[in-house]
Amino acid sequence: MGRPREFDADQALEKAVRVFWEKGYEGASMADLTEAMGINRPSLYAAFGNKEELFRRALLRYVETGPAVEHRAALAEPTSRAVVGRLLRYKAESLSDPCHP
């Protein structure tokens, strides 16, 4: 039996989402990922598999928690005007948020 993880996999995955968002798949090196996630390569491989699998999991996380959530909520609005209004407000807020790259 292996040692228990000494890091929070969900937090590490959130950090990987940001690296991929900023640098793209090709631009994100393993060094970039491990540094941002605060883990070493063996821990990354043990928790997430290879870079491609980490990217897939990061993409899933982004879809589950990112803009797609707001887009689905906007589409639930009762009128097309309300849908467009909500999308525009969301885009204006997210694009002007200094926390987003």
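Structure first, text after, so check above.
It should be emphasised that the depicted structure is a prediction, and the values quoted were computed from it without experimental measurement.

Colleague: Sorry if this is basic, but what is going on with the packing of helix α1 (residues 9-27) against helix α4 (residues 51-65) here?
Modeller: When two helices pack together, their arrangement is given by the angle between the helix axes and by the axis-to-axis distance. Between α1 and α4, the least distance of the axes is 9 Å, while the angle of their chain directions is 100°. Judged on the interaxial angle alone, α4 and α1 are roughly perpendicular. Residues D10, L13, E14, A16, V17, F20, Y25 and E26 of α1 pack against K51, E52, L54, F55, R57, A58, R61, Y62 and T65 of α4. Of the residues belonging to the contact of α1 with α4, the class tally is nine nonpolar, one polar and seven charged.

Colleague: Explain the packing of aromatic side chains here, please?
Modeller: Aromatic rings in a pair are described by how distant their centres are and how their planes are angled relative to each other. Enumeration over the complete set of coordinates arrives at four aromatic pairs. On the basis of an interplanar angle of 15° and a centroid distance of 6.2 Å, the ring pair of F20 and Y25 is categorised as stacked. Residue F20 is classed as buried on the basis of its relative accessible area of 7%. Arranged with centres 5.0 Å apart and planes meeting at 85°, the rings of F20 and F55 form a pair that is edge-to-face. Linking F20 in helix α1 with F55 in helix α4, this pair joins segments that are 35 residues apart in sequence. On the accessibility criterion, F55 (26% relative accessible area) is partly exposed. Ring-pair connections join several aromatic residues into one group, and the members of that group are F20, Y25 and F55. For K51, the ring lying beneath its charged end belongs to Y25, and the centroid distance is 4.6 Å.

Colleague: Quick question: what am I supposed to make of the packing of helix α2 (residues 30-37) against helix α3 (residues 41-48) here?
Modeller: As a packed pair, α2 and α3 sit with axes 10 Å apart at the nearest point and diverge in direction by 85°. Judged on the interaxial angle alone, α3 and α2 are roughly perpendicular. Every residue of α3 that contacts α2 at M30, A31, L33, T34 and M37 is listed here: R41, L44, Y45 and F48. Classifying every residue of the contact of α2 with α3 by side-chain character gives seven nonpolar, one polar and one charged.

Colleague: What exactly am I supposed to notice about the pattern of salt bridges here?
Modeller: Note that side chains of opposite charge can pair when their charged atoms are close. This structure, assessed with the given rule, holds eight salt bridges. For E14, the salt bridge goes to R61, with nearest N and O atoms at 2.9 Å. You can see E14 sitting in helix α1 and its partner R61 sitting in helix α4, a full 47 residues away along the chain. In this structure E14 comes out as partly exposed when scored by relative accessible area, which is 36%. A relative accessible area of 17% means that R61 is categorised as buried. E70 serves as the salt-bridge partner of R86, at 2.6 Å between the closest nitrogen and oxygen. A residue pair is termed long-range when its members are at least 10 positions apart, and R86 in helix α6 (residues 80-95) and E70 in helix α5 (residues 67-75) qualify at 16 residues. Several salt bridges converge on common partners, so that one network encompasses D10, E14 and R61.

Rules of the game
- Residues numbered from 1 in each chain as written.
- Predicted model: local features only at pLDDT ≥ 70, side-chain atom pairs only at ≥ 80, totals over all residues.
- Heavy atoms only, no water.
- Axes fitted to C-alpha atoms, helices over the stretch in contact; angles between N-to-C directions.
- Helix = DSSP H or I, 4+ residues; strand = E, 2+ residues; numbered from the N terminus.
- Parallel < 35°, antiparallel > 145°, perpendicular 65-115°, else oblique.
- Contact = heavy atoms within 4.5 Å.
- Nonpolar A, V, L, I, M, F, W, Y, C, P; charged D, E, K, R; others polar.
- Phe/Tyr/Trp six-rings, centres within 6.5 Å; stacked < 30°, edge-to-face > 60°.
- Buried < 20%, exposed > 50% of the residue type's maximum accessible area, 1.4 Å probe, protein only.
- Lys NZ or Arg CZ within 6 Å of the ring centre and 35° of its normal.
- Salt bridge = Lys/Arg side-chain N within 4 Å of Asp/Glu carboxyl O.

By themselves, these observations are geometric and do not establish any function.
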